Each structure stands twice: as C-alpha cells, then as structure tokens.
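Structure at a glance
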Amino acid sequence: MKNLTRIIGIYESGNKGNLLFITGGIHGNEPAGVLALQRIFKILAKEKPEIKGKVVGVTGNLKAIQEGVRFIDEDLNRTWTEGNIRAKTENSHEKKEMFDIISVLNRYPEKEFNKRYFLDCHTTSSRTEPYISVQDVNDNLDWAQHFPTYIIRGFSDIVEGCIDHYESRIGLTGFVFEAGQHDDKKSIQHHDGMIWLALQKACDLDFDAMDYDFQYAKDLNERRSSQKTFEIVYRHGIESGNDFTMEPGFDNFQKIKKGELLARENEEPIYSKWNAHIFMPLYQKQGDDGFFILKEVSR
Ligand SMILES: [Zn+2]
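Residues numbered from 1 in each chain as written. Predicted model: local features only at pLDDT ≥ 70, side-chain atom pairs only at ≥ 80, totals over all residues. Heavy atoms only, no water.

What follows is about the overall build of the protein. The secondary structure content of the protein amounts to 8 helices and 14 strands. Over its C-alpha atoms, taken along the principal directions, the protein stretches across nearly 65 × 45 × 35 Å. In the protein, buried positions account for 52% of the 299 residues. Residue pairs in contact within the protein that sit at least 24 positions apart in sequence constitute 71% of those at least 6 positions apart. For the protein, the exposed area adds up to about 14100 Å²; of that, 45% sits on carbon and sulfur atoms. Averaging the coordinates of the 39 positive side-chain charges in the protein and doing the same for the 47 negative ones gives two points 2 Å apart. (Helix = DSSP H or I, 4+ residues; strand = E, 2+ residues; numbered from the N terminus. Buried < 20%, exposed > 50% of the residue type's maximum accessible area, 1.4 Å probe, protein only. Contact = heavy atoms within 4.5 Å. Areas by Shrake-Rupley, 256 points an atom, 1.4 Å probe, with all protein chains shown as cover. Lys, Arg positive; Asp, Glu negative; His and termini not counted. Charge placed at Lys NZ, Arg CZ, Asp CG, Glu CD.)

See the structure below:
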C-alpha cells in the first residue's frame, strides 16, 4: 500500500442530497476497506452515475497502513473521546491523524446536506461472517436495519473513543461494518457490496442505470432472509495472569446451549449458562476478552 492519500475519492453528480462519509483503514492492519474504496471511486469516475448528494472516501491511519501495522503509538479507534477532542493536543501519531480526519469531515457541514451518514470499514483477526456493529444512539439502529447482514448492538458501548462514537455524537447516522478476516479476499468483496448498498440507500444510486454487475452487493442481499439483530448479554473477561483456553471449534455467531463446555480458565471448566450465540471466541494468545454471549433481539 503505497502513495496513499487521506482522500481516496469524492464523487457527486450535482444533485442536492445526503453525505455518505466512508472511512477505511482506521486500523492500519485492515486495508480491505481502503482497497474496496479505491476500486469503487474508479468505477464511479468512469461510469458517472447520477446520485443525490456526495460520497467521500477517507483513509484512516495513513502511516500505519503504509507500514502494515495496526497503529503507531495508540489505537486510532480509541482516541475519539470528548476529552481528547476538546484538549486538541496532538501528543501521539494517532491524535494527529484523528484531527486531520476531523478537518476533512468539517469540509462537509450539516447545513449543506439533507442528512449525513457514515460507514466505518473494518476487518477482524479471526474468521467471521460479515456483520454490522452499531452504537444504539440516534437513528443508527433503524438505519443499520436497512442492510442485510447480522447486526450487533451494544458492542461499541463496551469500548470508548471509537470514530463511530464521535460521528454519532456530532449528529451523523451510521455504523461500523466488519467484513471478515483481515487477509481474506472475501473481506474486500464484502466491503465492496456494503459500500454500494450504502450508496444506493444514502444517495439514491440506481444499480440498473450502471454497467456494473454489483455481484457482491447482491451476494450480501442474499443474507437478508437470515438477518438478525443481536445484543451482547455477557462478556467473559479474563482475570490478568490467568490461563484461558477456548474449547476448539467455535465460530463467531455459532449457537450454543445451556450446559455446553465453552472454555477453561486455570483448568476450571466454563459452562454456558445460556441458550444463545457465541461471539468473538478468543483463539489468539493476546486479549482479555475470552468470549461474548449474544441474544437475538426482535428489533
Ligand atoms: Zn478494526
């Protein structure tokens, strides 16, 4: 990933409408969103479809992506706290990148659009079905439910300082999309599909008016019938110094039953207390979240 610039692309066709502000690579080891955006802006420039409003594609952690690392000094998806933004201190590489991204977003003020939407593109360290993670504030969840993938609500409330918190706080509507594993080719395809769907819904892009097959958007739409919204009901935090081993074979979102052996911590078995779904089972060495438990919610 060389010659990266902050702005990946800007596209409009002269009609008033909504802003769609898309970020990729907020984590430098997650280039899939950036790659999908580069491709999409090439297609938009070539085909010049009519849209309402404007789409802006932005690179997240420029330096970290180019160095192939998650971050330089600190996680760019933890810096967006009210305190940091008020203090305006650029005492880490990531805070400089954060204020630069904010200055880009500030070029597209609320008053110039009917509504402002965001989409923040990520990938995960372990294998997973693509899913939306939504902070349940404003109309974020209503908006997320227009899209066909699984939706997790309440996960982003466990952590602080995410870019989607900032965007929601200043009045934008949107969510985070986790497209799959970092180095899986399918992750780029899922981002491609999700970004086109977001353009369709936020900026009235007409797929039929374009000479492009939108295969990945169609593939995502096939998930519509199995779409579910989940809520986090439990986080298994690992006590520091403890030895935690997940039982093998659990996939993200897999159904689990009450009484099922999930993991061992310092040899003590941990049995499921729930008929539910498991989320982010820890199979790496690092981390202090052993697993999460999800319950399906009706809305
Ligand atoms: Zn990420």
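Moving on from the coordinates now.
Let us now look at unusual backbone geometry. Here the phi dihedral of K48 falls at roughly 45°; this positive angle occurs in a residue that is not glycine. In this fold, K48 is placed in the loop between helix 1 (32-47) and strand 3 (52-59). Taking the relative accessible area as the measure of exposure, K48 reaches 60% and is therefore exposed. Positive phi values are uncommon outside glycine, yet K88 reaches one of about 55°. Relative to the assigned elements, K88 resides in the loop between helix 3 (82-87) and helix 4 (93-105). Since its relative accessible area comes to 64%, K88 is described here as exposed.

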